[in-house]
Amino acid sequence: AITKAIMLRQLVRRLVREGGRRWYTSGGTPPPAEQGRSFGREGLSWRDALLLSTGLLLGTSAHIHSETQAPFDEHFIARPAAIVSPAVVNITTSSAVGRAAMGGGSGFVIDGDEGLILTNAHVVRREERGGRGGGHGDARLKVTLQDGRSFKGTVLNSDRLSDLAIVKLEGCDERLPQAKFGDSTKVRQGEWVVALGSPLLLQNTVTAGIVSCVERKRTELGIPGSRTDYIQTDAAINVGNSGGPLVNLRGEVIGINTIKAAAADSIAFAIPVETAKFVVSQIRRHGRVVRPYIGIKMLDLTEETARMMRDRDRSFPKDLHQGVYVPQVTPGSPAEAAGFRPGDVIVSFGGEEVRRGSEIIQLLGTDVGRRHQAVVVREHGKRVALYVESEENVS
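Residues numbered from 1 in each chain as written. Predicted model: local features only at pLDDT ≥ 70, side-chain atom pairs only at ≥ 80, totals over all residues. Heavy atoms only, no water.

Peer 1: Explain the overall build of the protein to me, please; I cannot follow it from the model alone.
Peer 2: The number of helices and strands found in the protein is nine helices and 23 strands. When burial is assessed residue by residue, the protein has 44% of its 395 residues classed as buried. If you take every contact in the protein between residues at least 6 apart in sequence, the share linking residues at least 24 apart comes to 57%. Here the protein has roughly 21000 Å² of accessible surface; of this, 50% comes from carbon and sulfur atoms. (Helix = DSSP H or I, 4+ residues; strand = E, 2+ residues; numbered from the N terminus. Buried < 20%, exposed > 50% of the residue type's maximum accessible area, 1.4 Å probe, protein only. Contact = heavy atoms within 4.5 Å. Areas by Shrake-Rupley, 256 points an atom, 1.4 Å probe, with all protein chains shown as cover.)

Take a look at the structure:
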C-alpha cells in the first residue's frame with residue numbers, strides 16, 4: 001500500500017508539472033488541442049494517466065479505453081440506435097383481397113442499391129408458400145420503411161435451416177440506408193446490445209440489454225432442424241421483433257432477432273450474423289443455400305447414453321463413452337454408399353476427433369463433392385475407416 005501511495009504521488013506531481021493543474025483542480029476538461037497530450041516517456045494521455053492513477057489507488061489494474069470507443073454516457077444506447085434505425089423496416093403479410101394483416105415482423109436493409117432486406121424465414125413463409133390457398137397471389141408482403149413509405153416485397157429465397165430470408169423491394173428506385181454487418185465471433189458475454197424492430201406492430205421500437213450467452217446451443221432450445229446456434233440476450237424481444245437487427249454499441253449488426261422464451265421474460269435469442277453472412281452469400285451466388293449432405297442422423301453420445309446402449313446391447317463397446325452415434329442411415333445416400341450402418345459411433349471425421357454432431361457439420365464445411373474420412377466404432381470395439389463424398393443438399 002505504501003509503494004502504491006508513493007507511485008500515485010509521483011504520478012500526480014508529474015501531471016501537475018506538465019500543466020495538468022489547471023484541468024484537474026478546477027474540475028474542468030482540457031481544451032481539444034490538449035486532449036491527446038502525452039506525459040513522459042510512457043506516452044500516457046491525461047485521461048489514461050488518471051485511469052492509471054485511479055487503478056493504483058484502488059489496487060486494481062485500470063483498463064485504458066481507446067480514443068475511438070464511444071463514451072459511456074446517457075446517449076450510449078441512442079447512438080447505435082440512430083446509426084442503424086434508418087435501415088430497419090416493418091414487414092406485414094396480408095391477404096390479396098385486402099383483409100387485415102395475417103402476420104409480420106421486422107427486417108433491415110443489407111443492400112441499399114438493390115433494395116434487399118434480410119429477415120426471418122418464418123416472417124415471410126406464408127407469402128413464400130402462397131398462403132393456404134397454394135398460389136403466390138394469395139398473400140402479399142408490405143415493407144414499410146422508417147420514414148413511413150411502403151413498398152411491395154418479393155421473397156428472393158429463404159433458408160428454413162437457418163430461418164433466414166432475403167426480400168427484394170419492388171418499385172424503389174433510390175438508394176436506401178443499409179445496416180453494417182459486425183462480427184459475432186467477437187461478441188462477449190455481458191456486453192451491451194440494442195434490439196430494433198416492430199414488436200406488436202409498434203414500428204421503430206428500440207430496446208436494450210446485454211448478451212446473456214454468446215453461444216446458446218440449438219439442442220438446448222429444442223429447435224428441430226436448425227443449423228445454427230444462438231446469441232442469448234435479455235433485451236426485450238416480442239412478437240414482431242423477428243427479423244430485426246441486434247446491434248452492438250458501434251451500431252453494427254451482430255445478430256438477427258428470432259425467438260423468445262414463451263414462459264419467461266428477458267430471455268430471447270438471435271441468429272449470429274456470421275450465419276447470416278453465409279446464407280446471404282449463398283443466396284446471392286446460387287439463388288439458394290447449398291449445403292453438403294451425407295445422409296445420416298446423429299446423436300451426441302454421452303456417458304449416460306452409452307450406459308443405456310450397453311444395457312440394451314451387450315455388443316456395444318464397453319470403453320466407448322463419447323462420439324457421435326448414428327441411429328439411422330438414409331437409403332440411397334452417400335453415407336449408405338460409403339458403408340455407414342445404423343449403430344455406428346463416429347469418433348473421427350476429416351482427421352479430427354469428434355464428440356458432437358455439430359462438429360461433423362462444421363467439418364463438412366460448405367463445399368459439395370469433398371471426400372471425407374470417418375472412423376467409426378462398431379460392435380465389440382471394432383474400428384473401421386470409411387470414406388464418404390458429400391452431395392448437394394438444397395434447402
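Peer 1: Any chance you could explain unusual backbone geometry here in plain terms?
Peer 2: What you tend to see is this: most non-glycine residues have negative phi, and most peptide bonds are trans. The backbone phi angle of Asp 163 is positive, close to 60°, even though this residue is not glycine. Along the chain, the position of Asp 163 falls in the loop between strand 7 (150-159) and strand 8 (164-170). We classify Asp 163 as buried; its relative accessible area is 12%.

Peer 1: How should the nonpolar core be read in this particular structure?
Peer 2: Note on soluble globular proteins: their nonpolar side chains tend to be buried together. With 44 residues, the main nonpolar core has Ile 91, Leu 118, Val 124 and Leu 169 as its most contacted residues. In contact with Ile 91, other than residues within four places in its own chain, are Gly 103, Gly 104, Gly 105, Ser 106, Gly 107, Ile 117, Thr 119, Val 123, Val 124, Leu 141, Lys 142 and Val 143. Counting 18 residues, the second-largest nonpolar core is a separate cluster that includes Ile 296, Phe 340, Leu 386 and Val 388. (Core = buried A, V, L, I, M, F, W, Y, C linked by side-chain atoms within 4.5 Å.)

Peer 1: Would you mind showing me how to read the pattern of salt bridges here?
Peer 2: Inspection of every chain in the model, using the stated rule, returns 16 salt bridges. Measuring nitrogen to oxygen at the nearest pair gives 3.8 Å for the salt bridge that ties Glu 252 to Lys 180. One end of the pair, Glu 252, is in strand 14 (residues 252-260); the other, Lys 180, is in strand 9 (residues 180-181), and 72 residues separate them in sequence. The salt bridge partner of Arg 307 is Asp 311, with a shortest N-O separation of 3.0 Å. Placement of the pair is Arg 307 and Asp 311 together in helix 7 (residues 303-312), with a separation of four residues, close to one helical turn. Counted as one network, the salt bridges with shared partners bring together Asp 111, Glu 114 and Arg 284. (Salt bridge = Lys/Arg side-chain N within 4 Å of Asp/Glu carboxyl O.)

Peer 1: Teacher, can you tell me more about the side chain of Asn 248 here?
Peer 2: Inspection of the secondary structure puts Asn 248 in the loop between strand 13 (245-247) and strand 14. Separated by 3.0 Å, the side chain of Asn 248 and the backbone nitrogen of Arg 250 make a polar contact. Residues in contact with Asn 248, not counting those within four places in the same chain, are Pro 80, Glu 191, Trp 192 and Ile 254. (Polar contact = N/O pair within 3.5 Å; in protein donor to acceptor, adjacent residues only side chain to side chain.)

Peer 1: Explanation requested: the packing of aromatic side chains in the structure shown.
Peer 2: We describe a pair of aromatic rings using the distance from one ring centre to the other and the angle between the two ring planes. By the definition in use, this model includes two aromatic pairs. Pairing Phe 76 with Trp 192 gives two aromatic rings, centres 5.2 Å apart and planes at 80°, and the pair type is edge-to-face. Here Phe 76 is found in the loop between helix 2 (46-58) and helix 3 (78-84), whereas its partner Trp 192 is found in strand 10 (residues 192-197), with 116 residues between them in sequence. (Phe/Tyr/Trp six-rings, centres within 6.5 Å; stacked < 30°, edge-to-face > 60°.)

Peer 1: Help me out: how do you make sense of helix 7 in this one?
Peer 2: Here helix 7 has its buried residues at Thr 305, Ala 306 and Met 309. Seen end-on, helix 7 carries its buried residues on one side only, within an arc spanning 100°. Opposite its buried face, helix 7 presents the exposed residues Glu 303 and Asp 311, each directed more than 90 degrees away. Residues of helix 7 that are buried make contact with strand 17 (296-301) and strand 18 (323-329). (Arc of directions from axis to C-beta.)

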